[in-house]
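A closer look at the structure
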Amino acid sequence: QRNVAYYGTFGSRSGRLGMKDLITPSSEADSIQMLTAEPGRLVLMLEGPNDRKLLTTFTDSSVHLFVGSGGKEGVLKTAQQIYSRGISRAAFVVDRDYDDFSDNLINYPPNVIVSEHHDCFIDIVESNFDSLARVTTHMLNNSNHVTLDPHDDPYARGQEVVNSAVRLAFHKAIVRV
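We now turn to the structure provided with this report.

Some points on the overall build of the protein
In terms of regular secondary structure, the protein is built from 6 helices and 4 strands. Starting at the N terminus and walking to the C terminus, you meet the elements of the protein as α-β-α-β-α-β-β-α-α-α. Out of the 177 residues in the protein, the part that is buried amounts to 31%. If you take every contact in the protein between residues at least 6 apart in sequence, the share linking residues at least 24 apart comes to 49%. Carbon and sulfur atoms make up 55% of the accessible area of the protein, which amounts to about 12100 Å² in all.

Next up, the structure:
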């Protein structure tokens, strides 16, 4: 008996594979290899869609932001395959998470960029304080718990949240002294 794939998903409840289940580090490495074949094209593979939304504002059209399907582990496996193939116009961005506190030593391939802090959001904020408002705006826009008025400027709202947090931290610091 043959499983025929139709558009849509085959839930694991049926015991059949879904389309996403067929994506592997090897298939993602093949896609990245094809993308880097285009002259001048650079590929950054990221852990998730939030990373892509954030980094879009810091890249231009020569950089293809590729979101992996297997999380950090999948990105690292794909990075190793790309490194083994000798492809140099691809880099892989992963969050450090709690790697420094793990009992297992993680070996990153040379083409992997690991955030200095817990995640790349914090790295961007530390590099430029104004980017904190951008990150906050991004988080507000993607929150299921915040509804912005259509007439509000999202960046101004993000800046307002940052300013309030800084004022609160200032008052807290005074109380601690």
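Remarks on the environment of Pro-49
Within the element layout of this structure, Pro-49 appears in helix H2 (residues 49-55). Considering only alpha carbons, one finds Pro-49 and Ser-69, 20 residues apart in sequence, at a separation of 9.7 Å.

Some points on the pattern of salt bridges
Enumeration over the complete set of coordinates arrives at 6 salt bridges. Asp-97 is the partner of Lys-72 in a salt bridge, and the nearest nitrogen-oxygen pair spans 3.5 Å. Taken together, the residues span a long stretch of sequence, with Lys-72 in helix H3 (residues 71-85) and Asp-97 in the loop between strand E3 (90-94) and strand E4 (112-114) at a distance of 25 residues. Judged by its relative accessible area of 26%, Asp-97 is partly exposed. The shortest N-O distance in the salt bridge between Asp-100 and Arg-96 comes to 3.3 Å. When its relative accessible area of 21% is taken as the criterion, Arg-96 is described as partly exposed. Connected through salt bridges with shared partners, the residues Lys-72, Asp-97 and Asp-99 form a single ionic network.

Topic: the sheet that holds strand E1 (residues 42-46)
Within the open sheet, the 4 strands sit side by side as E2-E1-E3-E4. Their pairing is parallel. Each of the sheet's edge strands pairs with one partner strand only, and the pair in question is strand E2 (63-67) and E4. Between one strand and the next, the sheet's axes are offset by a mean angle of 25 degrees, whatever the strand orientation. Both E1 and E2 contribute to a ladder of 5 bridges, which runs parallel. Within the sheet, the bridge partner assigned to Leu-44 lies in E2 and is Leu-65. The strands touched by helix H1 (residues 25-36) within the sheet are E1, E2 and E3, with E2 carrying the most contacts at an inclination of about 170 degrees. Lying over the sheet, H3 contacts E1, E3 and E4, oriented at roughly 155 degrees with respect to E3.

Details of the packing of H1 against H3
H3 packs onto H1 with a crossing angle of 55 degrees between their chain directions and a minimal axis gap of 9 Å. By the criterion of interaxial angle, the relationship of H1 to H3 is oblique. In terms of crossing hand, the pair formed by H1 and H3 is right-handed. Residues Pro-25, Ser-26, Glu-28, Ala-29, Asp-30, Ile-32 and Gln-33 of H1 lie in contact with H3, whose contacting residues are Gly-74, Lys-77, Thr-78, Gln-81, Ile-82 and Arg-85. A breakdown of the residues in the contact of H1 with H3 according to their chemical character gives 4 nonpolar, 5 polar and 4 charged.

Focus: the nonpolar core
If you look at soluble globular proteins, the nonpolar side chains tend to sit buried side by side. By size, the foremost hydrophobic cluster in this structure holds 15 residues, and its most contacted members are Ile-32, Met-45, Ile-82, Ala-90, Phe-92, Val-94 and Val-112. Among the elements that line this core, the one with the most residues is H3, at 4 residues. When near neighbours in sequence (up to four residues on either side) are disregarded, Ile-32 contacts Val-43, Met-45, Phe-66, Thr-78, Ile-82, Ala-90 and Phe-92. The next biggest cluster of nonpolar side chains, apart from the first, holds 13 residues, and it includes Leu-44, Leu-46, Val-63 and Leu-65.

A look at the side chain of Asp-95
Relative to the helices and strands, Asp-95 is located in the loop between E3 and E4. Apart from the residues within four sequence positions on either side, Asp-95 is in contact with Glu-47, Lys-72, Ser-115, His-118, Asp-119 and Cys-120.

Here is what the cut-offs are and how they apply
- Residues numbered from 1 in each chain as written.
- Predicted model: local features only at pLDDT ≥ 70, side-chain atom pairs only at ≥ 80, totals over all residues.
- Heavy atoms only, no water.
- Helix = DSSP H or I, 4+ residues; strand = E, 2+ residues; numbered from the N terminus.
- Buried < 20%, exposed > 50% of the residue type's maximum accessible area, 1.4 Å probe, protein only.
- Contact = heavy atoms within 4.5 Å.
- Areas by Shrake-Rupley, 256 points an atom, 1.4 Å probe, with all protein chains shown as cover.
- Salt bridge = Lys/Arg side-chain N within 4 Å of Asp/Glu carboxyl O.
- Pairing = 2+ DSSP bridges.
- Axes fitted to C-alpha atoms, helices over the stretch in contact; angles between N-to-C directions.
- Parallel < 35°, antiparallel > 145°, perpendicular 65-115°, else oblique.
- Left-handed = near helix turned anticlockwise from the far one by under 90°.
- Nonpolar A, V, L, I, M, F, W, Y, C, P; charged D, E, K, R; others polar.
- Core = buried A, V, L, I, M, F, W, Y, C linked by side-chain atoms within 4.5 Å.

Just distances and angles here, no functional claims.
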